[in-house]
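Secondary and tertiary structure notes
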Amino acid sequence: MRIGAAGLMRSAGVLWLSAMTVIAVVSCGGDDESPAPEPPAPTPPAAEVPISFQGDLGDGQAVTRSTEIGLNTKYTAFRVWGYKKGTSGDQKVMNGYTVKWVDNSSNTTTTNTHGWEYVNQQILGETEQSIKYWDYSATAYRFFGVAPASLSGSISGDYYVLTFEDVDVTADEGIAAAPYFSELWYSSDKSQYGKPVKLLFKQPVSKVRFRFTSDDPRVAADAVLSGISFRPDENKKIYRKGNFTLRYPLTGTATRETFVVTNADGATALDALTEHYTEANQKWYTVLPANNQGTYTLEVTINGGDPKTAVVPAEFMNWQPGFEYTYIFKINEEGGVSIDVVQSAFTEWVDDQTGKHDIYNW
């Protein structure tokens, strides 16, 4: 896999006070002047709070995960960019700083709260990385990162653009070799300033499965299914190899990164998903993320009857990176099939996650 660069009036008041002081002294008519009041004690400057980082895998809103899995289980260094919106506009805070993992090092320095250190961790030949402090006058901050730390992109207009070339998920080796990128960390809430910046990393990969159920478990268990096809309409394909490009906004109030898959390889693409998930055949498809796929149609023959179809609306067919999607189809007693009331369900997935995969409704 290769990485390509595609394409952050007080003076009047003083005069008035002086005049009033003169009047007061004259009106006293004596030489015994009252002592001048003590000037107020200066307010001590607020303590500077260093910026620090935490790197985790996946999406923190996942309902299936009870513990966090650190990025250090996959990579021990990542590269980070940071920007703030100050009184003079958007300003760069960190320009591709290298952040390194050190075992058992949490809270050993003011910039290392979770085992990740960036001060003086620059790659040989790069500018020395100095400590950075939170600016509480800034109205917003944004950070994003990528692993491994050898990867970088470039600024294009108001965006930082990262392109991962030839992402190939047709085999396990390709999935393992895919890089990790973080969600955009954005906050205009100053209560978040001073806390470690938690970057959530994921791969440019989605997982998809579909399964059949019935109100009567015996119907689903006894049904003989054939001619199964779950496919995109309008002759579209399901891509598993191509270039994956990220665009991180550097200005404005956008709180999410966007992506696009380009130069998709039709030779490795699928026309349809044909294997459904069962306890005996726990089939997941690993695919490239996809937006705006349009509707999908399921076709299946049940117990040798006429082919049945069910359509999944386009709103449920946007596959985001780092998520798994389950589509549930219900077989009725008459041998018909429909998309279940749930329509689709998705949960965050993480490499090495084991155990039962539950399905959740929303």
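Preceding this section is the structure that the text describes.
Just so it is clear, the model here is predicted, and its values are computed rather than measured.

1. Some thoughts on the overall build of the chain
- The helix and strand inventory of the chain stands at three helices and 21 strands.
- Within the chain, the fraction of its 362 residues that count as buried is 42%.

2. A look at the side chain of Q129
- Checked against the element boundaries, Q129 lands in the loop between strand 5 (116-117) and strand 6 (140-147).
- Taking relative accessible area as the criterion, Q129 reaches 2% and is therefore assigned buried.
- Of the polar contacts made by the side chain of Q129, one reaches the backbone oxygen of Y118; its length is 2.5 Å.
- Filtering out sequence-adjacent residues up to four positions away, Q129 remains in contact with G96, Y97, T98, Y118, V119, N120, Q121 and Q122.

3. A look at the nonpolar core
- Core analysis: the largest hydrophobic core is formed by 28 residues, its most contacted members being F210, F212, F230, V312, W319, Y327 and F329.
- For this core, the secondary-structure elements that each account for two or more residues are strand 12 (206-213), strand 13 (225-232), strand 16 (285-287), strand 17 (296-302), strand 18 (307-312), strand 19 (323-331) and strand 20 (337-339).
- With five residues, strand 19 is the single largest residue contributor to this core.
- Residues within four places of F230 in sequence aside, it is in contact with F210, I238, A272, L273, Y296, T297, L298, V312, M317, Y327 and F329.
- With 23 residues, the next largest nonpolar core counts M94, Y97, A138 and Y193 among its residues.

4. A few points about the side chain of S214
- Relative to the helices and strands, S214 resides in the loop between strand 12 and helix 3 (217-222).
- Only 3.2 Å separates the side chain of S214 from the backbone nitrogen of D216, close enough to count as a polar contact.
- Excluding anything up to four places from it in sequence, S214 contacts V219, A220, K330 and I331.

5. Topic: the environment of W319
- Relative to the helices and strands, W319 is located in the loop between strand 18 and strand 19.
- Between the alpha carbons of W319 and L288 there is a distance of 8.1 Å; along the sequence they are 31 residues apart.
- Setting aside anything within four residues of it in sequence, one finds W319 in contact with S206, V208, I238, F259, V287, L288, P289, A290, Q293, Y296, Y325 and Y327.
- There is a polar contact of 2.9 Å between the side chain of W319 and the side chain of Y327.

6. Side note on the sheet that holds strand 17
- Read across the open sheet, the three strands follow the order 13-17-18; overall the sheet is antiparallel. With partners counted over all chains shown, the strands left at the sheet margins are strand 13 and strand 18, one partner each. Averaged over all neighbouring strand pairs, the angle between strand axes comes to 15°, with direction disregarded.
- Strand direction decides the pairing type here: strand 13 and strand 17, joined by six bridges, are antiparallel.

7. Here we look at unusual backbone geometry
- Here the amide bond leading from A147 into P148 is cis, since omega sits at 5°, within 30 degrees of zero.
- Relative to the helices and strands, P148 resides in the loop between strand 6 and strand 7 (154-156).
- A positive phi angle, close to 60°, is found at N120, a residue other than glycine.
- Given the relative accessible area of 44%, N120 is considered partly exposed.
- Positive phi, close to 55°, is recorded for N292, a residue that is not glycine.
- Structurally, N292 is set in the loop between strand 16 and strand 17.
- By relative accessible area, which is 67% here, N292 ends up exposed.

Calculation rules
- Residues numbered from 1 in each chain as written.
- Predicted model: local features only at pLDDT ≥ 70, side-chain atom pairs only at ≥ 80, totals over all residues.
- Heavy atoms only, no water.
- Helix = DSSP H or I, 4+ residues; strand = E, 2+ residues; numbered from the N terminus.
- Buried < 20%, exposed > 50% of the residue type's maximum accessible area, 1.4 Å probe, protein only.
- Polar contact = N/O pair within 3.5 Å; in protein donor to acceptor, adjacent residues only side chain to side chain.
- Contact = heavy atoms within 4.5 Å.
- Core = buried A, V, L, I, M, F, W, Y, C linked by side-chain atoms within 4.5 Å.
- Pairing = 2+ DSSP bridges.
- Axes fitted to C-alpha atoms, helices over the stretch in contact; angles between N-to-C directions.

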